[in-house]
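# A look at the structure
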Amino acid sequence: MAMSRPPELKLQQLQYLIAIAEHGGLRSAAQALNVTAAAVSKGLQELENTAGTRLLERQAQGLQLTPAGRKLLTRARLIQSEVDLAMQELGTARANTRIRFTVGVTPWISLTMLTPTMLRFAQMRPDVSLRIFDVFGSDYAALRDGSMDLAIGLAPPEEGAAELAARPLFSYEHAIACRRGHPLQQARHLEELAGQSWLVSHEIGQYKPPLRDFFLAHYGDTPSAGSVGGQIHQYRSLHMMELICNSDLLSVVPWPVIEASRQHYPVEALTLKERLPASTTCYVTRRNAPLNGCVGDFVDAMMHVLTDASMRERFLHPRVLRSLDVIAQRQ
């Protein structure tokens, strides 16, 4: 035989009972609760039906609680007190809960404008804790699997872009970097650099002509006849500048890195006749991800660093800024 369910008391009905006890009538209770008198009357009727007895009776001085009503009122106030305390504790928990927002940033951004961007973002969003990781090239696996919310870097290749959306921020050109005093510091053509060893952050195939053609011709699986010596090494870290400055390794780096590194490293850019390809930095998200909230605020913070005169003067070397071509504000 199935057990019968006990009667259910609803918190709202108990609130009606408390309000009538404190205010003495349906209309005044309804006004205090910002509901209609009809809603209070209906709720109390349902409460009496659940209790199986009269809880209120009308007397000359207004509605008065019956003995059963007074007993239930005591319990109702205890219940309301516990609910109020629970809501206070939840409010405190919400206030102490910070949003975690994960951003991947290409290393040269870390070297140039990440610090002021983070400071600006922290002012805009004191409720957010940032997690920052390096991203290299167009490797956005962490975006695809959901462990990263936003990436600032190159646009993903077309064959892997179906799950991602990229929107341009600014463009920049590249340079061949070497240590100050390198034997080939005065070289004027790429071909003069054949046979040298390189430290790069991308696969050869990710470079655009003429760099890609040069690397494939002299360092590919089937190098051209006469190509001798030299190796290509990959190193994905900002510390690569230290290796370059303490060796004869060459590297391909964004012009902003040259401008920012000159203050700290004895590094130079070769003045070549060939114009090296430009790249575009994008903000990359999962496709259909909302662009408001943390994503939009982080992008706005970065654009503010680039466009606000006081921020530029404080944080960005003028030569770094001149090496960037800001494409557009976020729409």
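These figures come from a predicted structure and were not determined experimentally. (Residues numbered from 1 in each chain as written. Predicted model: local features only at pLDDT ≥ 70, side-chain atom pairs only at ≥ 80, totals over all residues. Heavy atoms only, no water.)

Secondary structure summary: the protein chain contains 13 helices and 12 strands in total. The C-alpha radius of gyration computed for the protein chain amounts to 34 Å, which surpasses the reference 20 Å derived for 331 residues by more than 25%, pointing to a less compact arrangement than a globule. The principal-axis extents of the C-alpha atoms in the protein chain amount to approximately 110 × 55 × 30 Å. The proportion of buried residues among the 331 residues of the protein chain is 40%. (Helix = DSSP H or I, 4+ residues; strand = E, 2+ residues; numbered from the N terminus. Rg over C-alpha atoms; globule rule 2.2 N^0.38 Å. Buried < 20%, exposed > 50% of the residue type's maximum accessible area, 1.4 Å probe, protein only.)

Attention shifts here to the pairing of strand β9 (residues 251-254). Here β9 shows two buried faces, one formed by Ser 251 and Val 253 and the other by Val 252 and Pro 254. In terms of strand pairing, strand β6 (residues 164-179) meets β9 through 4 bridges, oriented antiparallel. Across the sheet, His 174 pairs through a bridge with Pro 254, a residue of β9. (Pairing = 2+ DSSP bridges.)

The next subject is empty space enclosed by the protein. Under the counting rule described, the total for this entry stands at 1 cavity of 30 Å³ or more. In this structure, the largest cavity spans a volume of roughly 300 Å³. Lining the largest cavity are 23 residues; nearest its centre among them are Thr 106, Pro 107, Trp 108, Ser 201 and Pro 254. Listed by contribution, the elements that provide at least two residues to the lining of the largest cavity are α5 (107-112), β5 (150-154), β6, α9 (240-245) and β9. (1 Å grid on protein atoms, 1.4 Å probe; cavity = no way out; pocket = protein on both sides within 12 Å on 5 of 7 lines; lining within 4 Å. Points joined across faces, edges and corners; volume = space filled by probe spheres on them.)

The omega angle of the peptide bond from Pro 209 to Pro 210 is 5 degrees, so this bond is cis rather than trans. Mapped onto the elements of the fold, Pro 210 is located in the loop between β7 (198-200) and α8 (211-219). Here the phi dihedral of Asn 34 falls at roughly 60 degrees; this positive angle occurs in a residue that is not glycine. Along the chain, Asn 34 falls in the loop between α2 (26-33) and α3 (37-51). On the basis of relative accessibility, which here comes to 70%, the residue Asn 34 falls in the exposed class.

This part covers the confidence of the model for the protein chain. Counting all residues, the mean pLDDT for the protein chain is 83, and 90% of those residues have values of 70 or more. Here helix α13 (residues 318-322) stands out as the least confident element of the protein chain, with mean pLDDT 72; helix α6 (residues 114-124) is the most confident, with 92. (pLDDT = per-residue confidence, 0-100.)

Phe 101, Met 113, Ile 152, Phe 170 and Phe 298 are the most contacted members of the largest nonpolar core, which has 42 residues in total. Top contributing element to this core by residue count: helix α11 (residues 293-307), with 9 residues. If we ignore the near neighbours within four places in the chain, the residues touching Ile 152 are Val 103, Gly 104, Val 105, Thr 106, Ile 109, Val 135, Leu 169, Thr 281, Cys 282, Tyr 283, Phe 298 and Met 302. (Core = buried A, V, L, I, M, F, W, Y, C linked by side-chain atoms within 4.5 Å. Contact = heavy atoms within 4.5 Å.)

Per the stated rule, a full pass over the model turns up 8 salt bridges. Asp 127 is the partner of Arg 125 in a salt bridge, and the nearest nitrogen-oxygen pair spans 3.0 Å. Note on Asp 127: relative accessible area 29%, which makes it partly exposed. Arg 286 is the salt-bridge partner of Asp 149, the closest N and O atoms lying 4.0 Å from each other. Of this pair, Asp 149 sits in the loop between α7 (141-144) and β5 while Arg 286 sits in strand β11 (residues 278-286), and the two are 137 residues apart along the sequence. (Salt bridge = Lys/Arg side-chain N within 4 Å of Asp/Glu carboxyl O.)

We now examine the packing of helix α1 (residues 11-23) against α2. Between α1 and α2, whose axes approach to 8 Å, the crossing angle comes to 120 degrees. Classified by the angle their axes make, α1 and α2 are oblique. Seen from above, α1 lies across α2 with right-handed handedness. Residues Gln 15, Tyr 16, Ala 19, Ile 20 and His 23 of α1 pack against Leu 26, Ser 28, Ala 29, Ala 32 and Leu 33 of α2. (Axes fitted to C-alpha atoms, helices over the stretch in contact; angles between N-to-C directions. Parallel < 35°, antiparallel > 145°, perpendicular 65-115°, else oblique. Left-handed = near helix turned anticlockwise from the far one by under 90°.)

Tracing the chain through its elements places Ser 41 in helix α3. For the pair Ser 41 and Ala 30, spaced 11 residues apart in sequence, the C-alpha separation works out to 9.2 Å.

What follows concerns α3. Over its 15 residues, α3 extends 21 Å from the first C-alpha to the last, a length consistent with the 21 Å expected when each residue adds 1.5 Å. If you check which residues of α3 are buried, you get Val 40, Gly 43, Leu 44, Leu 47 and Glu 48. In a view along the axis of α3, the buried residues occupy a sector of 140 degrees, so they form one face of it. Relative to its buried face, α3 has exposed residues pointing more than 90 degrees away, namely Ala 38, Lys 42 and Asn 49. Looking one or two residues beyond α3, the residue adopting positive phi is Gly 52, at roughly 75 degrees. (Expected span 1.5 Å × (residues − 1). Arc of directions from axis to C-beta.)

Attention now moves to the layout of surface pockets. The calculated volume of the largest pocket comes to roughly 420 Å³. Lining the largest pocket are 17 residues, and of these Leu 154, Ala 155, Gln 206, Lys 208 and Ser 279 lie nearest its centre. At 4 residues, β11 tops the list of elements feeding residues into the lining of the largest pocket. Within the lining of the largest pocket, the residues separate by chemical class into 9 nonpolar, 6 polar and 2 charged. Its volume calculated, the second largest pocket comes out at about 180 Å³. Taken together, Leu 26, Ser 41, Leu 44, Gln 45, Glu 48, Arg 54, Leu 56, Glu 57, Arg 58 and Leu 63 make up the lining of the second largest pocket. (Nonpolar A, V, L, I, M, F, W, Y, C, P; charged D, E, K, R; others polar.)

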